[in-house]
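Here is what each chain is made of, one letter per residue.
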Amino acid sequence: MTRVADLLGAGRTFSFEFFPPKDDATQLSLGRTIAELEPLQPSFVSVTYGAGGTTRERTRNVVNWVAKETAITPMAHLTCQGHVRTEIADILDGYQAAGVENIMALGGDPPADLADRGPSDYRYASDLVAEVAATGAFSIGVAAHPEVHPASPDRAADRRHLAAKLAAADFAVTQFFFEVRHYVDLVNELADLDVTKPVLPGIMPITNAKQIARMARLSGAELPAWVVEAVERYDDPADVRRVGVELASKLCSDLLEAGAPGLHFYTMNRSTATREIYANLGLASLRVS
Ligand code: FAD
């Protein structure tokens, strides 16, 4: 059973996200991270994709390596921007041949050189979802933005488009956030639109205050004042990391308490914070049989 939809149907999932390495050194480091996280028996791991195909080979290599060399179920991210139908069909054929059964279908943010890459046959993630679904070969995830995608004209439109996309997919994974109410509101608003597919909260532990502020700005996530205060109290990066792990552990336990169907960790290709959160939540002993 390696379809994420089936895994979610069987119980809570705990999953990790990686980005494809740029060079040999970061490739070795990602290999070490995956080896360190494998004993936690993640339900699946996902590998991001550079919009416009900028990491096409590198994403494929990591996904296929995980499928072949580890006991973990992989999920490949794929984006609309800069792709025509024949390219997407090639990529999907390749994954099917490699036994990969999960695709995260995304809009993607256009790369700076998109003009040079020719037209895209897809505008929104929902166009890509339809294409992937037509193969019948994959369980399909989509992105959700609890605090509303920055390009959405308003909250109602954001939720309407997400509901339409999710109706044709199997599950959603959210952008990171720091307040549990953002997740609960999102799930309730989808239920109001008759969508009850599983929504996995995305967890980004703070390990570096500046980096998280920049990512929050780009993604439209709010960095609440109480989080900034908790972190800014410390100069030593080790203290910042410790507080970040404590905050993320509390968020995870509140989310599970609120009924989240699992947790999806943005690992930034490192294992320590995720392993510490697992230990704080008592998940390590739960997962290792
Ligand atoms: P869409 O669903 O297409 O939505 C984008 C905007 O268009 C939203 O405002 C939406 O409301 C609006 N919209 C959707 N449908 C319609 C419609 N029919 N009519 C009018 N408006 C519409 N980016 C990458 O490049 N690579 C990755 O690997 C990657 N992984 C991600 C993983 C997760 C879990 C998340 C949350 C994000 C990820 N992203 C990734 C970022 C994502 O690509 C960007 O946030 C992108 O801007 C939007 O992607 P989407 O899939 O939500 O797009």
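This write-up is about the structure you can find in this document. (Residues numbered from 1 in each chain as written. Predicted model: local features only at pLDDT ≥ 70, side-chain atom pairs only at ≥ 80, totals over all residues. Heavy atoms only, no water.)

## Let's talk about the site of the ligand
Then, in step 1: In the vicinity of the ligand, 25 residues are found, and the nearest of them are Tyr49, Gly107, Asp109, His149 and Ser152.
Then, in step 2: Contacts to the ligand include Gly107, whose backbone N or O atom sits 2.8 Å from an oxygen atom.
Then, in step 3: Within the side chain of Ser152, a nitrogen or oxygen atom sits 2.7 Å from an oxygen atom of the ligand.
Then, in step 4: In isolation the ligand exposes 980 Å². Once the protein is present, 82% of that is buried. (Near = heavy atom within 4 Å. Polar contact = N/O pair within 3.5 Å; in protein donor to acceptor, adjacent residues only side chain to side chain. Areas by Shrake-Rupley, 256 points an atom, 1.4 Å probe, with all protein chains shown as cover.)

## Quick notes on helix H4 (residues 85-97)
Then, in step 1: Its 13 residues give H4 an end-to-end C-alpha distance of 18 Å, which sits within 8% of 18 Å, the value for a rise of 1.5 Å per residue.
Then, in step 2: Residues of H4 that are buried make contact with helix H3 (56-69), strand E3 (74-79), strand E4 (102-106) and helix H5 (125-135). (Helix = DSSP H or I, 4+ residues; strand = E, 2+ residues; numbered from the N terminus. Expected span 1.5 Å × (residues − 1). Contact = heavy atoms within 4.5 Å.)

## Comments concerning the sheet that holds strand E6 (residues 171-176)
Then, in step 1: Strand order in this closed barrel of eight strands is E1-E2-E3-E4-E5-E6-E7-E8, and the pairing throughout is parallel. The mean inter-strand angle of the sheet, taken between neighbouring strand axes irrespective of direction, is 25°.
Then, in step 2: Examined bridge by bridge, strand E1 (residues 13-18) and strand E8 (residues 262-266) share five bridges and lie parallel to one another. If you follow Phe14 over to E8, its bridge partner there is Leu263.
Then, in step 3: This element, H5, spans E3, E4 and strand E5 (139-144) of the sheet and lies at about 155° to E4. (Pairing = 2+ DSSP bridges. Axes fitted to C-alpha atoms, helices over the stretch in contact; angles between N-to-C directions.)

## Section: the pattern of salt bridges
Then, in step 1: All told, the structure shown has 11 salt bridges when counted by the stated rule.
Then, in step 2: Arg85 is paired through a salt bridge with Glu131; the nearest N and O atoms lie 2.5 Å apart. Of this pair, Arg85 sits in helix H4 while Glu131 sits in helix H5, and the two are 46 residues apart along the sequence.
Then, in step 3: Between Arg159 and Asp158 there is a salt bridge, with its nearest N and O atoms 2.9 Å apart.
Then, in step 4: By relative accessible area, which is 3% here, Arg159 ends up buried.
Then, in step 5: One network of salt bridges, in which partners are shared, links Arg155, Asp158, Arg159 and Glu189. (Salt bridge = Lys/Arg side-chain N within 4 Å of Asp/Glu carboxyl O. Buried < 20%, exposed > 50% of the residue type's maximum accessible area, 1.4 Å probe, protein only.)

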